[in-house]
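In case you want the letters, here they are:
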Amino acid sequence: MTLRLILTRHAKSDWGDPRMDDHDRPLNDRGRASADAVGDWLATQGISPDTALVSSALRTRETWARIAARLPDAPEATIRDDLYRADPSGMLAVLRKTTGATVMMVTHNPGTASLARALAIEPPADGRFWQYPTAATTVYQFDLDRWANVAHTTGRIADFVVPRDLLAARGSG
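All residue numbers refer to position in the chain's written sequence, counted from 1. For a predicted model such as this one, the threshold for reporting local features is a pLDDT of at least 70, and the threshold for listing and counting side-chain atom pairs is 80 or more; totals across whole chains, interfaces and linings nevertheless cover every residue. The basis for the side-chain values is all heavy atoms of the structure; hydrogens and waters are excluded.

> Please provide a residue-by-residue account of the nonpolar core, values included.
In terms of nonpolar packing, the biggest core is built from 27 residues, with Leu 5, Leu 7, Met 105, Tyr 140 and Phe 142 touching the most fellow members. Among the secondary structure elements, those contributing two or more residues to this core are β1 (3-9), α3 (88-96), β4 (102-107), α4 (111-119) and β5 (137-142). In what follows, a contact means two residues having at least one pair of non-hydrogen atoms within 4.5 Å. Not counting residues within four places of it along the chain, the set of residues in contact with Leu 7 comprises Met 91, Met 105, Thr 107, Thr 112, Leu 115, Ala 116, Tyr 132, Ala 136, Thr 137, Thr 138 and Tyr 140. Residues Ala 37, Ala 52, Val 54 and Met 104 belong to the second largest nonpolar core, which totals 23 residues. We call a set of buried Ala, Val, Leu, Ile, Met, Phe, Trp, Tyr and Cys residues a nonpolar core when their side-chain atoms join them within 4.5 Å. Accessible area is worked out with a 1.4 Å probe on protein chains only. A residue is then buried under 20% of its type maximum, exposed over 50%, and partly exposed in between. Starting at the N terminus, helices and strands are each numbered in turn, a helix being any DSSP run of H or I of at least four residues and a strand any DSSP run of E of at least two.

Structure below.
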């Protein structure tokens, strides 16, 4: 059996109100366009999760909602407080307890970038993978039958995208 993980960093958030609590920051216009572009790209690729694990922060929930709106039969997200500012080991612990053949995680840096690197058998040639910009998305395939068996360097990267490229390809970025 092959398991698939879609690992997405939340899209660009709004820093317009410095008094706003970090957890409550919404997406800005660029973030909304980026999340839409990722959703369109996933739909075009025929990739849709059957499980979505999303940090409880507003910007991750909005990122997921915009992506999900573009996918056929998107699942209802499982919103998790423990994914807010989670480190890679915490994220991996959550992933190891999940079900479904294709799981999407929408989370935060630096944990997302660190987990992305840790899971990869071989990183992509794109240097932006190391910084994992907002709304960057990696699709992994694992030749495993259970999420509990996922460990460092067990994931083959099937694709890595950055919304800036997706938006530029459609002439809106």
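> Which residues make up the packing of aromatic side chains, and what values do they have?
A pair of aromatic rings is counted whenever rings of Phe, Tyr or Trp (Trp by its six-membered ring) have centres within 6.5 Å, and the orientation is called stacked for planes under 30 degrees apart, edge-to-face for over 60 and tilted otherwise. Enumeration over the complete set of coordinates arrives at 6 aromatic pairs. Ring centres of Phe 129 and Phe 160 lie 5.4 Å apart, and the angle between their planes is 85°; on these two criteria the pair is classed as edge-to-face. With Phe 129 in the loop between α4 and β5 and Phe 160 in strand β6 (residues 156-161), this residue pair connects regions lying 31 residues apart in the sequence. Judged on exposure class, the residue Phe 129 and its partner Phe 160 are both buried. By the ring-pair criterion, three or more aromatic residues cluster together here, those being Phe 129, Trp 130, Tyr 132 and Phe 160. We call a charge positioned over a ring when the NZ of a Lys or the CZ of an Arg lies within 6 Å of the ring centre and within 35 degrees of the ring normal. Arg 25 extends its terminal NZ or CZ atom over the ring of Trp 15, reaching a point 3.6 Å from the ring centre.

Coordinates in, geometry out; function isn't part of it.
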